[in-house]
Amino acid sequence: MKFEVARMSSLSSASSLSSSAVRSWRTAFLTLRDETLASPPPSAVLNLLQHLLFSNSQSLIAAAPDLPPHEIVSDIMFLMELVPTCSDAGDDTSLTFISMCHLIHDVCQRVSLEINSPSWALMLDTFGTMVESFLGKAGSKRIFSENAARIKAVMECVETVRRLVSVYHRKCSLSENVQLVKFLLRIVTCSHAELYSSLHSSGNQRYAPEIGKRIPRYNSLWEVQTIAFTMITAVFSRDGSSFPGDIWQSTIEVLRKVMDALASKSVLVEDNVMSRFYTSLLHCLHVVLTNPKGPLSDHVAGFVAALRIFFIYGLTNRTALAFPGAVQRQGLSSVNHGLSSTEPTKTDSGPYRPPHLRKKNGTGIRRHKAQDSQSSSDHESSMVDFTSSDSDYSDTDGSGKDSDSLRISKARLAAIACIQDLCQADPKSFTAQWTMILPTNDVLQLRKYEATLMTCLLFDPYLKARIASAATLAAMLDGPSSVFLQVAEYKESTKCGSFTALSSSLGQILMQLHAGILYLIQHETHGGLLASLFKILMLLISSTPYARMPEELLPTVITSLRARVEEGFPFKSDQTSLLAVALSCLTAALSTSPSSPKVKEMFLEEISAGFAGVQGKPSVLFTIFQYAEKLTCPTISFEALQALRAVSHNYPNIMVACWEQVSTIVYGFLRATPEVPARQWKGHSGNTVGSIGEKTLTAAIKVLDECLRAISGYKGTEEILDDRLLDTPFTSDCMRQKKISSAPSYVLENTKETTGDEPKACESGGEQWCEAIEKHIPLILWHTFPMVRAASVTCFAGITSSVFFSLTKEKQDFILSSLINAAVNDEVPSVRSAGCRAIGVITCFLQISQSAETLQKFIHAVESNTRDPLVLVRITASWALANICDSLRHCISDFSSERHSVVALLIECALRLTKDGDKIKSNAVRALGNLSRFLQYRSPTGIHDKPVNCAGLSTPINSVEVLSSSTNKKNGHRFVSNSKQPLPLGDSSWLERMVQAFLSCVTTGNVKGFICF
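Quick notes on the rules
Throughout this document, residue positions are counted from 1 along each chain, in the order its sequence is written. Confidence filtering applies because this is a predicted model: local features only for residues at pLDDT of at least 70, side-chain atom pairs given and counted only at 80 or more, and all residues used for totals across whole chains, interfaces and linings. Hydrogens and waters are ignored; side-chain quantities use all the structure's heavy atoms. Here a strand is any run of E in DSSP of at least two residues, a helix any run of H or I of at least four, and the numbering for each starts at the N terminus. For the area figures, the Shrake-Rupley method with a 1.4 Å probe applies, and any residue is considered shielded solely by the protein chains shown. Residue-level confidence of the predictor, termed pLDDT, takes values from 0 up to 100. Contacts were defined at the residue level, with two residues in contact if any of their heavy atoms lie within 4.5 Å. Here, a salt bridge means any side-chain nitrogen of Lys or Arg that lies within 4 Å of a carboxyl oxygen of Asp or Glu. Buried residues are those whose accessible area, probed at 1.4 Å on protein chains only, stays under 20% of the maximum for their type, while exposed residues exceed 50% and partly exposed ones sit between those limits. For this analysis, a polar contact is any N or O atom pair within 3.5 Å, provided that within protein one partner can donate a hydrogen and the other can accept it, and provided that sequence-adjacent residues contribute only side-chain to side-chain pairs. Working definition: a ring pair exists when centres of Phe, Tyr or Trp rings (six-membered ring for Trp) sit within 6.5 Å. Plane angles under 30 degrees give stacked, over 60 give edge-to-face, the rest tilted. Expected helix span is taken as 1.5 Å per residue step, with the number of steps being one fewer than the number of residues. What counts as an axis is a line fitted to C-alpha atoms, over the stretch in contact for a helix, and the angles between N-to-C directions run from 0 to 180 degrees. Orientation is classified from the angle alone, with under 35 degrees giving roughly parallel, over 145 giving roughly antiparallel, 65 to 115 giving roughly perpendicular, and any other angle giving oblique. Two helices cross in a left-handed way if the nearer one is turned anticlockwise from the farther one by less than a right angle. They cross in a right-handed way if the turn is clockwise. Note on terminology: pairs of cysteine sulfur atoms within 2.5 Å are recorded as disulfides. Only Asp, Glu, Lys and Arg are considered charged, only Ala, Val, Leu, Ile, Met, Phe, Trp, Tyr, Cys and Pro nonpolar, and every remaining residue, Gly among them, polar.

(A) Region of interest: the overall build of the protein chain. Counting its regular elements, the protein chain contains 45 helices and zero strands. Of the roughly 44,500 Å² of accessible surface on the protein chain, 54% is carried by carbon and sulfur atoms.

(B) Up close: the confidence of the model for the protein chain. Averaged over all residues, the pLDDT of the protein chain equals 77, while 71% of them reach at least 70. Per-element confidence in the protein chain ranges from a low mean pLDDT of 39 for helix α17 (residues 376-381) to a high of 95 for helix α22 (residues 463-477). Low pLDDT, under 50, characterises residues 358-391; the stretch is placed with 50 contacts to residues that sit more than four places away or in other chains. Of the regions scoring below 50 in pLDDT, residues 720-738 engages in 24 contacts with residues more than four places distant in sequence or in other chains.

(C) Region of interest: unusual backbone geometry. Residue P594 follows S593 across a cis peptide bond; omega there is 0°. Its location among the elements puts P594 in the loop between α27 (572-590) and α28 (597-608). A positive phi angle, close to 55°, is found at S39, a residue other than glycine. Its identity is not glycine, yet D442 carries a phi of approximately 50°, on the positive side. Summarising the element assignment, D442 is placed in the loop between α20 (434-437) and α21 (453-459).

(D) Highlighting the pattern of salt bridges. Considering all chains together, one arrives at 25 salt bridges under this definition. Between E159 and R162 there is a salt bridge, with its nearest N and O atoms 3.1 Å apart. In this pair, E159 and R162 are both assigned in helix α8 (residues 144-167), three residues apart and thus about one turn of the helix distant. According to the relative accessible area criterion, R162 is buried, its value standing at 10%. Because the salt bridges share partners, they merge into one network encompassing D125, E132 and R186.

(E) Structural view of helix α36 (residues 786-796). Here α36 lies mainly inside the structure; nine of its eleven residues are buried. P786, V788, R789, A790, A791, S792, V793, C795 and F796 are the residues of α36 that are buried.

(F) Representation of the side chain of T866 within the structure. As for its position among the elements, T866 is in the loop between α41 (852-865) and α42 (871-887). A polar contact of 3.3 Å, which involves the side chain of T866, links it to the side chain of R912. Ignoring anything within four residues of it in the chain, the contact list for T866 reads R874, A877, S878, C909, R912 and L913.

(G) Summary view of the packing of aromatic side chains. Counted according to the given criterion, the structure contains 16 aromatic pairs. Plain terms: the ring middles of F603 and Y651 are 5.4 Å apart, the flat faces sit at 85° to each other, and that makes the pair edge-to-face. Taken together, the residues span a long stretch of sequence, with F603 in helix α28 and Y651 in the loop between α30 (634-650) and α31 (655-672) at a distance of 48 residues. Given the relative accessible area of 0%, F603 is considered buried. Relative accessible area serves as the criterion here: at 1%, Y651 is assigned to the buried category. Seen in terms of ring centroids, F804 and F805 are 5.0 Å apart; in terms of plane orientation they differ by 85°. Their pairing is edge-to-face. Given the relative accessible area of 28%, F805 is considered partly exposed.

(H) Spotlight on helix α39 (residues 829-842). The end-to-end C-alpha distance of α39, which contains 14 residues, comes to 20 Å, matching closely the 20 Å that a straight helix rising 1.5 Å per residue would cover. In terms of burial, α39 is largely enclosed, as eleven of its 14 residues are buried. Residues V831, R832, S833, A834, G835, C836, A838, I839, G840, V841 and I842 constitute the buried set of α39.

(I) Spotlight on the packing of α39 against α41. It is the contact of α39 with α41, at a shortest axis distance of 10 Å, that shows an interaxial angle of 140°. Of the possible angle classes, the one that applies to α39 and α41 is oblique. Relative to α41, α39 is oriented so that their crossing is left-handed. Residue-level contacts link R832, C836, I839 and I842 of α39 to F858, A861, V862 and N865 of α41.

(J) Quick peek at the environment of S481. In this fold, S481 is placed in helix α23 (residues 481-484). With a relative accessible area of 4%, S481 lands in the buried category. Separated by 53 residues in the primary sequence, S481 and K428 have C-alpha atoms spaced 8.4 Å apart. Once you skip the residues sitting within four places of it in the chain, S481 turns out to touch W434 and M476. At 2.6 Å, the side chain of S481 forms a polar contact with the backbone oxygen of M476. Of the polar contacts made by the side chain of S481, one reaches the backbone oxygen of D478; its length is 3.5 Å.

(K) Local environment of the state of the cysteines. What the rule picks out here adds up to zero disulfides. In this model C284 remains outside any disulfide bridge; the closest cysteine sulfur is found in C418, 9.1 Å from its own. Residue classification places C284 among the buried residues on the basis of a relative accessible area of 1%.

(L) Molecular detail of the packing of helix α24 (residues 502-523) against helix α26 (residues 553-567). Running from N to C, α24 and α26 point in directions that differ by 10°, and their axes come no closer than 10 Å. It follows that α24 is roughly parallel to α26 by the angle criterion. Two secondary-structure elements touch here, α24 through M511, H514, L518, I521 and Q522 and α26 through L553, T556, V557, S560, A563, R564 and E567. Its residues placed into classes, the contact of α24 with α26 shows six nonpolar, four polar and two charged.

(M) Local environment of the side chain of H299. Within the secondary structure, H299 is located in the loop between α13 (272-290) and α14 (300-307). Not counting residues up to four positions away in its chain, the partners in contact with H299 are Q249, I252, E253 and R256.

(N) Broad picture of the environment of L463. Mapped onto the elements of the fold, L463 is located in helix α22. Overall, L463 belongs to the buried group, its relative accessible area being 6%.

(O) The arrangement of the environment of S280 in detail. In this fold, S280 is placed in helix α13. For the pair formed by S280 and A414, sequence separation is 134 residues and the distance between their alpha carbons is 8.9 Å. Within polar-contact distance, the side chain of S280 engages the backbone oxygen of F277 at 2.8 Å.

This is how it looks when you write it as structure tokens:
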């Protein structure tokens, strides 16, 4: 009973005190409102505030939780409305503003306030005014205690706003967020000016962060900026895409000013406060750059100059740095050209400890003790500390991690991310900064000064920083840089101080990138980073003009990749994916154009050694053959087949020696495919969905196709141009070489004399084609997989006339019937398109063009495909149609009674196609032009000797008597189309329609071809 009485008495006493405090709050603010109604002078307002509120602030703060929130908000807004009046009171204003900030800050710590939009704008404006007052007067000549109080008040202003936004999850509208960003930029600008200008004005030229280590008030200002940048980051992450451009531009300018100040001293402080500041600043820059709203060209150079000093932040005083792989460096003299470097020793990892337990060590405990001795403002700002989850620690990051080292690592990571953002936001301006952030020499040497992005990739002990460096390099090499790098040219470095052309600098950069990336690929063990390195190498290969680089560079890339493929990868989960991407890189290296004479010599040495390689090492060709035969792993087989196809295309002269291996590999794939029923034609669609097996089998057939083209000497469609161009005006003296992408590259034949060891390629190919027709093609020509059938038909498009007519009549008929069946009877568009393509090629063979029977079959097959609903099929069919119209002049007289119907069919088909898309229209115009070379048109009834022009007018040209003759001098034979009578076309409007179609195509500007009627 006594206890209950005591408790009730205590509650009654507490309630009495609470009621008394509430009455004191309300009395104070009501009195203040009454006294200020008469607009007293500023000094009187200051006295009223001090007497009614600030002298009894603790009791007022204690009463806040018992008051309605809306009443507190109203009273606080009233206080802020008095700030403009108090500002005119002179020096006495500072103490009043300090007390006001303290009161509002402590009240907001205890009460959840709901602030509307007008009150929000008033609060931000008032706090901004007070902060400018504090920092403008917090000069170095004032006593320390007064400066500390002012800066603490600044911190309280920022903390109050931060708490309202984050702790109470206040949802701001776009306009309110804009006001918040403007306020925060105002805070950053004022604190930045105080940190740097006050030091210079006092004659102290020391770097501000160094001073901050000795004077706690500077630590507080750095923490103010840390909070401000953290809040700006949050706002831009949430609503940055909706901000107007002027807000984004203002933010960039403030960030540039702060970054320029850091770059001007090029000294970074490695303590707790500054590392948090750097990280918040760089993370803010990263978020702002992610969604650019204006030009960055004026800022790229300044940002890059500041960001590069973070590449080795926190690493300069370390005695040991991470280096990929604990193995002895192998020689890369062919890539480095004499670069010498010493590999840093790797830190002793010690006993294994799980990553999440490495934070709990003695170092961390001692650091926490050191942090306890910091100022109270440091304690307040600890809420914005960038703590980490266990995932931030990695087994590859070494042992003994503490919060400071991790925070410093995050600053490096954020700086690298900003470099990538700049590259993606303004790639054109960023290319001028390549020499600033990429090495031109000694890439494998640790640079404590003038570090580059490769320094981070090679030496940073923090795995995430190395991965970020790899991603940034990939972004730099992707996009417009591939064109920009084509001017690169490697030259030996000249004496120090001499001028270096941009092309030479780029050549040196490419050399160093090759050296660093190839070294990392040989020694790195982390699967994720290795995948990024292979991606970089892929982009590097595609961007490097190897013809302007040292001739040993490309062979070194190829042999290095071969060595890594042979070595394998340590983790089973990564073996397949990494091996596939490594083979893909090898394919890219083998596909570089123009072909490398050194690579060709390397292949010839391997062939002469029986594919066994040199010095007991497996050869590149042997490795490709080995992995292409891995039927149990389709992904690896596919990539190896792609590499083999690249060899066939770029180095065709060696394929005669490789035919046996290629034939065996392809036949192995065909025999390993499950037995399938014979392919039926239209009406039995089957499964047209691709699969891994279909994809790999198609790749094998494409290897067979490329190898046959290389051996046969295929150089493109034989369009029977040589003879007629001699009779064509303006072109008899101009013969242009055309580059056919589907034809193997024979550019090496005339660059060097053929060695005795080099296989004789392109002599016939008949033997290999016979083997393919008997052994391979029957297994795939009627396959159920559409991609396989299309690839098999495409093989016929690579045959040459010399090879075709060296085959037996039976095999020739087999090829022709297969093409016609594929073009007419297959229901899959890609197969019909491939059939039309092959028909267009074979039509150009001279002997075929003299066969009216064969051409008539081709005409009907192609004409039916010109009506196909798919554009892909119509494009190929129109191309074949134009070739047929060209060949028709050699056998038009053989059509006898069918001549009129055949020509009419071709003209009507071509005229119809001139109303189709641009590519189809171009082929149609070419077809009409080819027909016009040997056809004459009869004038309408009543008009004699006056052919009709496109406008219905007549011209005095008598040209209705005979068909033109053509002469073919190929192989010493002469063929003349000797029809002496004009074709009885009957419809004189055809000429007009043909000319109108031609003029329409020319005036559109989209038809590239030009045919003279």
